[in-house]
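What follows is the residue order along each chain.
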Amino acid sequence: MSDFDAALNIFAQEAGELLNDMEDALLALESAPGDAEIVNRLFRAMHTIKGSSGLFGFDPIVAFTHEAETVLDGVRQGERPIDAELISVLLDSKDHVAQLVEHCLAAPETALPEDLVARGRLLIGRLGGRCEGAVSPAPEASVLTSEAGGPISADDHWLISLAFGENAFRNGMDPLSFIRYLTTLGEIRQILTLAPTMPAGDSMDPESCYLHFKIALQSEANKQTIESVFEFIVDDCDIKILPPNAKLSDYLGLLDNLEPSQWQKLGDMLVEIGALTRGEIDSALREQDAARCAGAGKPIGEILVERQVVQQPIVEHALLKQEQTKQKLAAEANYIRVDAGKLGHLIDLVGELVISSAAMNLIVERHGLGDAGDVAAGMNALVGSIRDTALELRMVQIGETFSRFRRVVRDVGKELRKDIELYISGGETELDKAMVEKINDPLTHLVRNALDHGIEPPEQRLAAGKPAQGSVHLNAFHQSGHIVIQVSDDGAGLNADKIVAKAIAAGLIKADHSLSRQEIYGLIFAAGLSTKEQATSLSGRGVGMDVVKKNIEALRGSVAIDSVEGQGTTIRIELPLTLAIIDGFMVGCDRERYIIPLNLVDECLEMGDKECNIDEVEHYINLRGQVLPYLRLSEYFQQPRTETGEGRRESMVVVKSGRGKAGFVVDELHGEHQTVIKPLGKVFEKLTGITGATVLGDGTVALILDVPGLVQAAMTRRPSRLTASSA
């Protein structure tokens, strides 16, 4: 990859982060429209995207973001209020910028498509609708006074103070020539001529210069340009240039947008935004050094204000920005950006290390190398620590994924004319980054389904005695080595009778069914089943929920649903924390070995235990008064038996999945095993009961069991007439 391509990748990543931050800020403004810091975040995000795009020559992005930046600057200055309409336009603008970024990265040499051009014009028109608003009060005017010339206002003028040295004439300097040249940069609105150092009478030397000038200049030039007029008389003149107070807000805005790559000194920051020149800083530093030598040192900011080269508010704001930058850089110093591909490669290498460690243990055990046993045990512990640390590197908080649904809830609520609030909890819960990316689509469908199917229109909620505003709650937490994600709403809930009627009509169940309420609710995950009477652009076509379940199960997870009619629905998703390496429990059936995720194992027991009332026909046992269905793995996978008769010893591994429990009957219990998950490949990807494979230390392959699928298979094999009392 070339340096340019690497820079483009960084630009794309940073633009995506800034746009996401902008969306979060806009949604936060709906509840806090007067928060100036949020408005500054918006402005900085748009300004940064504009500047970065300009570096790569992405003119369409620069042109559009400039318009949005102008509007946001007006909001910052109090010239335009934040309201719901402006927030909606800015959200649409954020989406448009994302499309522009995508186009410029994919085809930078081609013109924008007509639809993008038209959409941009429409949004610029909507952004241009300015409203009357409160204007922030102007800072108190600085004035220079003179008995001869009266006051000179600093509100709209540059105030230039020139104090020529006595040797200016002797050095061939003509003060008037510099003043005349100053008129090429703008209009001199007022000039005061002073001679405070001129001696009286015969003491005056006609060859010495005693002239001082106070000049009010109206000009669009910057400070550096104005100072360059006097660059030839720097040694013979004390020059002070104070910007107009009208520019004060511009400098404050530039300070807000300043994104230094490292901590900067106060003077460097003020020079960068144009409030000071390098000459003014050097002069102030010399004064500071002299004061320190005299034992009376002053802060550089105080000296600059006393010299009347910069206003006090600018210095104070720069000091605040300096402190914020220190804190930000200190926080960022704890993090580095790592390529996801490199991190994935590290996880793969750690997996191979785990397999090699298991092979070494096997050799030590097989050859009875007692002296190497302690070394092998120490290495096992070290490999386990490396494995856990490597996996933690890929763990990310799920809160960022949850936050993206604020926009979904807002937009869908407006489309459906429903007032809906999103509540988020457990956002700090961590999950494997690969898992977060794959769970996003199922979550999106569940949230949209809750908004469309679950939450009733305001009038129906009021009639039912509910508040007009509905709520959707996203929650996440860790439980037994899993992460649990809940999508809850306080809507109408599920109507079991309606679901049954639809299922019978679709031929999914028979009229004389004996399904439990939970099993009835589970029917909504069947393909083609929908209780929505009228299809909408969001849902109601009977597709999607079956795909949601398949996608979750493909992640070795499970999904369950609970609902109370009239009160709401909660969908519970259980997922493993990682897709790479797990702690497993190895069992054997004849010559085959299987891995059960250790966190799903509840207990192990002997099948010959007299306390267990075993029903070989119905495939259940009475386990301490609890009805427990079971599967013989050898029968389920149709393995030929190599041992028969009463002498065969069998064990049962009791596993749990969600709210379900079942037993797996096996021949051997091999104990815990660090398991590196390997995909099965397309040939075996639809194999039921198996979710992956792993390589053992001796080079053989063990299959990883799909516990949720096998538990469901065991429960469906159990006859419906079986109850706890019959056991």
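These lines cover the structure that appears in this document, whether it is placed above or below. (Residues numbered from 1 in each chain as written. Predicted model: local features only at pLDDT ≥ 70, side-chain atom pairs only at ≥ 80, totals over all residues. Heavy atoms only, no water.)

1. So, the side chain of Asn475
Logical step 1: In this structure, Asn475 sits in strand 10 (residues 470–479).
Logical step 2: For Asn475, a relative accessible area of 17% corresponds to the buried category.
Logical step 3: In this structure the side chain of Asn475 is engaged in a polar contact, spanning 2.8 Å, whose partner is the side chain of Ser425.
Logical step 4: Excluding residues that lie within four positions of it along the chain, Asn475 makes contacts with Phe402, Ser425, Gly426, Val484, Ile485 and Gln486. (Helix = DSSP H or I, 4+ residues; strand = E, 2+ residues; numbered from the N terminus. Buried < 20%, exposed > 50% of the residue type's maximum accessible area, 1.4 Å probe, protein only. Polar contact = N/O pair within 3.5 Å; in protein donor to acceptor, adjacent residues only side chain to side chain. Contact = heavy atoms within 4.5 Å.)

2. Thoughts on unusual backbone geometry
Excluding glycine, residues mostly carry a negative phi; peptide bonds, for their part, are mostly trans.
Logical step 1: One non-glycine residue, Arg417, lies in the positive phi region at around 60°.
Logical step 2: When you line up the elements, Arg417 lands in the loop between helix 16 (405–416) and strand 8 (420–425).
Logical step 3: A positive phi is found at Arg624, a non-glycine position, where the angle reads about 50°.
Logical step 4: Among the secondary structure elements, Arg624 is positioned in the loop between strand 18 (620–623) and strand 19 (626–632).

3. Regarding the pairing of strand 10
Logical step 1: In terms of strand pairing, strand 8 meets strand 10 through 6 bridges, oriented parallel. Following the sheet pairing, Tyr423 is matched in strand 10 by His473.
Logical step 2: Of the strand pairs in this sheet, strand 10 and strand 11 (residues 482–489) are connected by 8 bridges, and their pairing is antiparallel. Note that in strand 11 the partner of Leu474 across the bridge is Val487. (Pairing = 2+ DSSP bridges.)

4. With respect to the sheet that holds strand 3 (residues 158–164)
One key point about sheets: their strands pair by backbone hydrogen bonds, in either a parallel or an antiparallel sense.
Logical step 1: A sheet is described by the order of its strands in space; here 4 strands give the open sequence 4-5-3-6, paired in antiparallel fashion. Looking at the sheet topology across the chains shown, the edges are occupied by strand 4 (187–194) and strand 6 (237–242). Direction aside, neighbouring strands of the sheet carry axes that sit 15° apart on average.
Logical step 2: Inspection of the sheet shows strand 4 paired to strand 5 (residues 212–218) by 7 bridges, in the antiparallel sense. Its bridge partner lying in strand 5, Ile191 is registered against Ile215.
Logical step 3: Packing of helix 6 (residues 175–182) onto the sheet brings it into contact with strand 3, strand 4 and strand 5, and relative to strand 5 it is tilted by some 10°. (Axes fitted to C-alpha atoms, helices over the stretch in contact; angles between N-to-C directions.)

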